[in-house]
Amino acid sequence: MSFLRRLFGRDAPDGAAPVAPSEIFEASMNFDLENVRPFLERLRDRRGIGFDVDALVPFTSGTEVNEERRMAQTAIFNGREVSLRYGVFMDDIDAPDLYFFVPNKALVAAINAEWEDFTEELGI
């Protein structure tokens, strides 16, 4: 039996339950570079997402126009470690698209909820 067949749930070994591929959830948004730190700090402070804001902000601002970069971090959410992949695409000068890829649906919901609150408060 092949590894891929076991990985994707066909022919589990020795009667074991099939192994399902991990789900990855995405939250993405675009806004002015000056709002990156305040938004990330809000995620940390208001939504309880523990990640390294001081690493993400310069990573974002150091992205050149028309460049896409990604980095990985371990975040804490609801008292548990969660792997977080953070992506930046600098669509225009000082206007990054941010991407959060996580294996936790509740974490993506928290990011999106904060994004809605943030943009509503800014009137954008």
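See the structure above.
Residues numbered from 1 in each chain as written. Predicted model: local features only at pLDDT ≥ 70, side-chain atom pairs only at ≥ 80, totals over all residues. Heavy atoms only, no water.

**Student:** Explanation requested: the pattern of salt bridges in the structure shown.
**Tutor:** Where charged atoms from two side chains of opposite charge come close, those side chains can pair. Across all of its chains, the model carries 10 salt bridges by this definition. The partner of Asp45 in a salt bridge is Arg44, with the nearest N and O atoms 2.7 Å apart. Shared partners join several salt bridges into a network, and the residues in it are Arg42, Arg46, Arg47, Glu114, Asp117 and Glu121. (Salt bridge = Lys/Arg side-chain N within 4 Å of Asp/Glu carboxyl O.)

**Student:** Can you help me understand the nonpolar core in this one?
**Tutor:** A general feature of soluble globular proteins is that nonpolar side chains tend to end up buried together. Ranked by size, the top nonpolar core spans 28 residues in total, and within it Met29, Phe39, Leu40, Phe51, Tyr86, Phe100 and Ile111 carry the most contacts. At the level of secondary structure, the elements contributing two or more residues to this core comprise β1 (25–30), α2 (36–47), α3 (53–61), β2 (68–77), β3 (80–92), β4 (95–102) and α4 (105–122). Sorting elements by how many residues they give to this core places α4 first, with 6 residues. Excluding anything up to four places from it in sequence, Phe100 contacts Phe25, Glu26, Ala27, Met29, Phe39, Leu40, Leu43, Leu84, Arg85, Tyr86 and Ile111. (Core = buried A, V, L, I, M, F, W, Y, C linked by side-chain atoms within 4.5 Å. Buried < 20%, exposed > 50% of the residue type's maximum accessible area, 1.4 Å probe, protein only. Helix = DSSP H or I, 4+ residues; strand = E, 2+ residues; numbered from the N terminus. Contact = heavy atoms within 4.5 Å.)

**Student:** Sorry if this is basic, but what is going on with unusual backbone geometry here?
**Tutor:** Negative phi characterises most residues that are not glycine, and trans characterises most peptide bonds. One non-glycine residue with positive phi stands out, namely Asn78, at about 55 degrees. Relative to the helices and strands, Asn78 is located in the loop between β2 and β3. Classification of Asn78 as exposed rests on a relative accessible area of 62%. Backbone geometry at Asp94 places phi at a positive 60 degrees, although glycine is not the residue there. The residue Asp94 is located in the loop between β3 and β4 in this model. Judged by its relative accessible area of 44%, Asp94 falls in the partly exposed class.

**Student:** Looking at this model, I keep getting lost on the environment of Arg46. Mind explaining?
**Tutor:** In this fold, Arg46 is placed in helix α2. By relative accessible area, which is 46% here, Arg46 ends up partly exposed. Residues Arg46 and Ala110 lie 64 residues apart in sequence; the distance between their C-alpha atoms is 9.6 Å. Beyond its immediate chain neighbours, meaning those up to four positions away, Arg46 contacts Glu41, Glu114, Asp117 and Glu121.

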